[in-house]
Amino acid sequence: EAGVAQSPRYKIIEKRQSVAFWCNPISGHATLYWYQQILGQGPKLLIQFQNNGVVDDSQLPKDRFSAERLKGVDSTLKIQPAKLEDSAVYLCASSLAAGPTYEQYFGPGTRLTVT
Amino acid sequence: AQSVAQPEDQVNVAEGNPLTVKCTYSVSGNPYLFWYVQYPNRGLQFLLKYITGDNLVKGSYGFEAEFNKSQTSFHLKKPSALVSDSALYFCAVSPDTGRRALTFGSGTRLQVQP
């Protein structure tokens, strides 16, 4: 089966610019996650969707980050305006359903550099 | 709030020797525990998980992990390391109730020397 697809793979922007990342989960997976992985740290959950509804966005910096999954399939994560500390790898993952008993499958990530 | 500690930034082992990557956790209630591996320029790959039952969990590529409730540990092990096992390994935990998002440790880089 096809894995989780993400684009772009790399992005370099200047601070205060905006950027958007795209994720296409595995077909049939109802749950989609966005993680931020700063160099030298483990991934940190930003937002979790169940179909097209938000389940958990408690760690999403809502003043600058937004995400949507309008049709319950692919998703977009946006940062506006970007700060230097947003430099990280943004990982998308999907699972068949919500809950830790369901394995999460990760995409290759988008590496963002903010200068 | 839950947390995961991986006390070693890097583990070095010779090919053919056994390896252990350590993980301790803190969580309210019963834990769900996971190991993921990350190869360069690739996403995280699931290795194994502990939900309930037998404390020794077997996973992909010959890896296994032992759940120890009294020591709140979930160490990753392999009897005989391969050079191709060299990668970044992450331990993660989720509680069995409430907000069940995964919390990851900071990762341990495993280097297997030929």
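The rules behind each value
Residues numbered from 1 in each chain as written. Chains lettered and ligands numbered in written order. Predicted model: local features only at pLDDT ≥ 70, side-chain atom pairs only at ≥ 80, totals over all residues. Heavy atoms only, no water. Phe/Tyr/Trp six-rings, centres within 6.5 Å; stacked < 30°, edge-to-face > 60°. Helix = DSSP H or I, 4+ residues; strand = E, 2+ residues; numbered from the N terminus. Buried < 20%, exposed > 50% of the residue type's maximum accessible area, 1.4 Å probe, protein only. Disulfide = S-S within 2.5 Å. Core = buried A, V, L, I, M, F, W, Y, C linked by side-chain atoms within 4.5 Å. Contact = heavy atoms within 4.5 Å.

(A) View of the packing of aromatic side chains. Applying the stated criterion to the full structure yields 13 aromatic pairs over all chains. Measuring from centroid to centroid gives 5.5 Å for Phe 106 of chain A and Tyr 36 of chain B, while their planes differ by 80°, and the two rings are edge-to-face. Pair noted here: Phe 106 of chain A is in strand β10 (residues 105-106) and Tyr 36 of chain B is in strand β5 (residues 31-38), and the two residues belong to different chains. For the residue pair Phe 106 of chain A and Tyr 36 of chain B, the accessibility class agrees, reading buried in each case. Pairing Phe 63 of chain B with Tyr 89 of chain B gives two aromatic rings, centres 5.6 Å apart and planes at 45°, and the pair type is tilted.

(B) How the structure looks around the state of the cysteines. All names here are of chain A. For the structure on display, the rule yields 2 disulfides over all chains. Two residues share a disulfide in this structure: Cys 23 and Cys 92, whose sulfurs sit 1.9 Å from each other. Negative torsions about the S-S bond denote left-handed disulfides, and the value of about -70° found for Cys 23 with Cys 92 makes this one left-handed. With Cys 23 in strand β3 (residues 19-24) and Cys 92 in strand β9 (residues 88-95), this residue pair connects regions lying 69 residues apart in the sequence. We classify Cys 23 as buried; its relative accessible area is 0%. The exposure class assigned to Cys 92 is buried, which follows from its relative accessible area of 0%.

(C) Just unusual backbone geometry, in detail. Omega for the peptide link from Ser 7 of chain A to Pro 8 of chain A comes to -10°, which places this bond in the cis form. Position of Pro 8 of chain A relative to the elements: it lies in the loop between β1 (5-7) and β2 (10-13). Residue Pro 81 of chain A is reached from Gln 80 of chain A by a cis peptide bond, and omega for that bond is -5°. Inspection of the secondary structure assignment puts Pro 81 of chain A in the loop between β8 (75-79) and β9. Notably, Arg 16 of chain A is not glycine yet its phi reads approximately 80°, a positive angle. Note on placement: Arg 16 of chain A falls in the loop between β2 and β3. On the basis of relative accessible area, Arg 16 of chain A is assigned to the exposed category, the value being 64%. A positive phi angle, close to 60°, is found at Tyr 61 of chain B, a residue other than glycine. Assignment of secondary structure puts Tyr 61 of chain B in the loop between β7 (56-58) and β8 (64-68).

(D) Seen up close, the nonpolar core. Core analysis: the biggest nonpolar cluster contains 28 residues, and Trp 35, Leu 47, Leu 48, Phe 74, Leu 76 and Tyr 89 of chain B have the highest contact counts within it. The set of elements that each furnish at least two residues to this core consists of β2 (10-14), β3 (19-21), β5, β6 (44-50), β8, β9 (73-78), β10 (87-95) and β12 (108-113) of chain B. For this core, the element with the most residues is β10 of chain B, which contributes 4 residues. When sequence neighbours within four positions are dropped, the list of residues in contact with Phe 74 of chain B reads Cys 23, Leu 33, Phe 34, Trp 35, Leu 48, Lys 49, Tyr 50, Ala 65, Glu 66 and Phe 67 of chain B. The next biggest cluster of nonpolar side chains, apart from the first, holds 21 residues, and it includes Phe 21, Ile 26, Ile 79 and Ala 88 of chain A.

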